[in-house]
Structures are given as structure tokens and as C-alpha cells.
Amino acid sequence: MKDQILLNLDNPGQLEKLYRTDKPTFKRAFKALYPDLQGNVLASFWNERLNFASEEISWGSSKELTFVVVASLIAGLIAKIPTMFHINEDFFYPRNIGFVVFPALMAFFVWKNEMHKRNIIVLAGATLAGLVYINLLPDVNTSDTLVLACIHLALFLWSLLGFAFVGDRSNVGEKRLGFLKYNGDLVVMTGLILISGGILTAITINLFLLIGIKIDEFYFQNIGVFGLAAAPIVGTYLTQTNPQLVGKVSPVIAKIFSPLVLVMLLVYLVAMIYSGKDPYNDREFLLIFNALLVGVMAIIFFSVAETAKTSRSQAEVWVIFLLSIVTIAVNGIALSAILFRISEWGITPNRAAVLGSNVLILINLLLVTIQIYKVMTRKKDIIEVGKTIGSYLPVYFIWTIIVTFVFPLIFGFK
């Protein structure tokens, strides 16, 4: 990209094409080149353009707003299917909760990225296959494979969303890292929307109570459900059209929470030893332990995504490195615990799923930690850590396919 910018420094049209083709890489390359380009009028223009932060909120075009409104209404109607068609909620929601929002988000990025028809067909076919398959599984309340399939189907749909987010771009590694950052931004924005919606709901219900009208049941069944379904769709739209809304919040969250999580994890491990609790003989504790592991790993990935995008101070890299080391230790404990339980009581669908997940996470953490160490020794740039994370994401996608579609067959729907 640097060579292309220098080669086309006097060609405004080609510079614009390079920028539109791969904005993140163009910005990073231009920022590195600009100290040597000061005095060039066109370079000065691009410097101002790339560093200008608009304070106004953009609501996009009328087509985009129409799409968001229609998608939100459709998502709300999907969530209302059990009520409208008298379907058992205990059957419908565990199997289909992912289909309330993920298809709408996929459609948004397919539209924005102008994906090739072939890729759209693959995406739609995979989504439809998941929908048909999960609803054809036997309705056995005690089936562990059904629970695992429902959980991993949501992760499968999340992976398909990542496919739609990346689109047909050539710079796949960086777009995958951008997908992780999008998820962090979406959590922040959706959280703010839900908090605001919760306040509005409380005010509305209590205002009607003051005049003797009780609307809480009607409100939640006919308005609240649409609001919950629309929140991530609206959140996605706002983060994509107004990246400045959370662009300054997310890095701050990453910088604050990374060291706090590191301290919490160290204190927790010490407290676990003194409490006498262990994941070897306590099944519930092992599940919580694994949930903690996944949460901490997500924070590491989000921190890397934010650090790669903004600053890369040595202190931040050290925090991420230490957090990765401690998380590997936590993973080692969880992995040894599940191996112990398998050796004592045999293999089950849950133990097989936890074992596979822990092995994949351990390999991923080791790869990331090695890259972070190279960054600390000045052998690699922090962006290489992000590329390592992005290149490993398809492995998790394959695992979701195995657990969702293969496990029920292998274990006889037990």
C-alpha cells in the first residue's frame, strides 16, 4: 500500500480508488508516510481528510433507514412467531433465537459490501440448512446434544455474520480483525440502546399506572419484544454509519478493563486455592470456569483489535501479554479437569464439547502469546497479532459445524 500511495501521489483518482478499496490499510500506510510527505499539497489534503472527525451524527440515506426499519420489524415478527402461531416457546426459542437477529445483520452487510451472488447463495444456503436442521432434531428434553447444538448454532450463525462482514474483500485478515472490533462496538452500542429503552419502558408503564391503566403485559408482548429484536440491528447501523460514536469509547474500555481483568483473574486463582473449590470434582464449577475462560479470551482479542487500531504503547502490550499467560494457565487447569473427568467417568457429549473447545482455545492462545512476545521484542508489529487472531477464526467456525451438525448423530441424540 505504501508503494502504491507513493506511486500515485500525483494521481487523485487512483488515490481515491486505493482508499475506497481498503480504508484501514490506506490510513495506516498514509500515516506512516506522511512525515516525509509534508509540503505536498495533495498529501496535506489527505492528512486532513483522514484525521477529520465529524461531530455530527449521520443518519445515512433514506434507503438505509428504510432497510433498518423493515429489518427490525421482521426480526420482531420472527420473535413473535410462538405467540402468533401458538408454538411451544420452550421448543421455539432455544432452537431459533439466533434467527431473530443474525439473518437481518447478514443481509445488512451483504447489501453494504455488495457481495458476489455466489457468496450470497452460499450464505443463504448455510443459514437455511441450519434453520431446517435444528428444527428437525428430536424434541428430547434430556438431550445434551440438543442443548449443545442450539448453543453452537448461534455461534455458527455468528460465524456466517463474520463471512458477510468480510465480504469479497482481498484483505481478509484485517477485515476479520475489524469484525472482532465491530462485535465490541456493537456490545457497547446495544447496551446503551437497551439501557435507554429500559428507562423509557419504566417511565411509560408507571405513567399509565398513575392514571389507573396497567399496560405492562401488553407493552412487553407487543412493544418490548420488537425493541429487543431491533436493538442489535439499530446498534449495527449506528456503529457502521457513525464510527465516532463508540470509536473513542471502545479503546478506553479496552485500556481500563484489560489490567482490571488481569488483577481479578490473579486474585480469583488464589481465592480458588484457599476456598477448596476445584473444577475436577465440581461439574458446575467447571462450567463456570470455562465460561470465565471464554470471557477473558474475548477481552484479550478485543484489546488486541483496539490496540492494533490505535496506539500500541509498551505498557498496553505488556498487560495483554500477562493476561494471555494467565489465561493459558486457566485453560490448562480447565483442560486437565475435563481430561480427569473423562478418565474417571467416560466420554459424554458435554465433556467432548468442552474438551474440543479447550484444546482449540489453548492453541489459539499459544499462537497469540508467541506473537505478542515478538511484538515486545520488537520483532513484529501489533497488527501481526491481530492477523493471527483473524486467521484462526475459521477453526472455530469448523468446530461449530461439528458440534451442531455432527455431535447429535455421533451420540445418538443423547
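Higher on the page you've got the structure.
### Describing helix 16 (residues 314-345)
And then number 1: For helix 16, spanning 32 residues, the distance from its first C-alpha to its last is 46 Å, which sits close to the expected 46 Å at 1.5 Å a residue.
And then number 2: Gly 346 lies just past helix 16 and shows a positive phi near 90 degrees.

### Some words on the environment of Lys 27
And then number 1: With respect to the helices, strands and loops of the structure, Lys 27 is situated in helix 3 (residues 23-33).
And then number 2: Distance in space between the C-alpha atoms of Lys 27 and Gly 412 is 53 Å, their sequence separation being 385 residues.
And then number 3: Sequence-distant contacts of Lys 27, that is, excluding residues within four places in its chain, are made with Tyr 19 and Leu 50.

### Some thoughts on the packing of aromatic side chains
And then number 1: If you walk through the whole model with that rule in mind, you get 27 aromatic pairs.
And then number 2: Between Phe 321 and Tyr 373, the ring centres sit 6.3 Å apart and the planes meet at 40 degrees, which makes this aromatic pair tilted. Of this pair, Phe 321 sits in helix 16 while Tyr 373 sits in helix 17 (residues 349-376), and the two are 52 residues apart along the sequence.
And then number 3: A ring pair is formed by Phe 340 and Trp 345, whose centres lie 6.2 Å apart and whose planes are at 85 degrees; its orientation type is edge-to-face.
And then number 4: For Phe 340, a relative accessible area of 29% puts it in the partly exposed group.
And then number 5: Lying across the ring of Trp 111, Lys 112 places its NZ or CZ 5.9 Å from the centre.

### A few points about the packing of helix 10 (residues 144-166) against helix 11 (residues 172-210)
And then number 1: It is the contact of helix 10 with helix 11, at a shortest axis distance of 9 Å, that shows an interaxial angle of 125 degrees. When the axis of helix 10 is compared with that of helix 11, the two are oblique. Note that helix 10 runs across helix 11; the crossing there is right-handed. Touching Trp 158, Leu 161, Gly 162, Phe 165 and Val 166 of helix 10 are Val 172, Lys 175, Arg 176, Gly 178, Phe 179, Leu 180, Tyr 182 and Asn 183, all from helix 11.
And then number 2: For the contact of helix 10 with helix 11, the per-class residue count stands at eight nonpolar, three polar and two charged.

Parameters at a glance
Residues numbered from 1 in each chain as written. Predicted model: local features only at pLDDT ≥ 70, side-chain atom pairs only at ≥ 80, totals over all residues. Heavy atoms only, no water. Helix = DSSP H or I, 4+ residues; strand = E, 2+ residues; numbered from the N terminus. Expected span 1.5 Å × (residues − 1). Contact = heavy atoms within 4.5 Å. Phe/Tyr/Trp six-rings, centres within 6.5 Å; stacked < 30°, edge-to-face > 60°. Buried < 20%, exposed > 50% of the residue type's maximum accessible area, 1.4 Å probe, protein only. Lys NZ or Arg CZ within 6 Å of the ring centre and 35° of its normal. Axes fitted to C-alpha atoms, helices over the stretch in contact; angles between N-to-C directions. Parallel < 35°, antiparallel > 145°, perpendicular 65-115°, else oblique. Left-handed = near helix turned anticlockwise from the far one by under 90°. Nonpolar A, V, L, I, M, F, W, Y, C, P; charged D, E, K, R; others polar.

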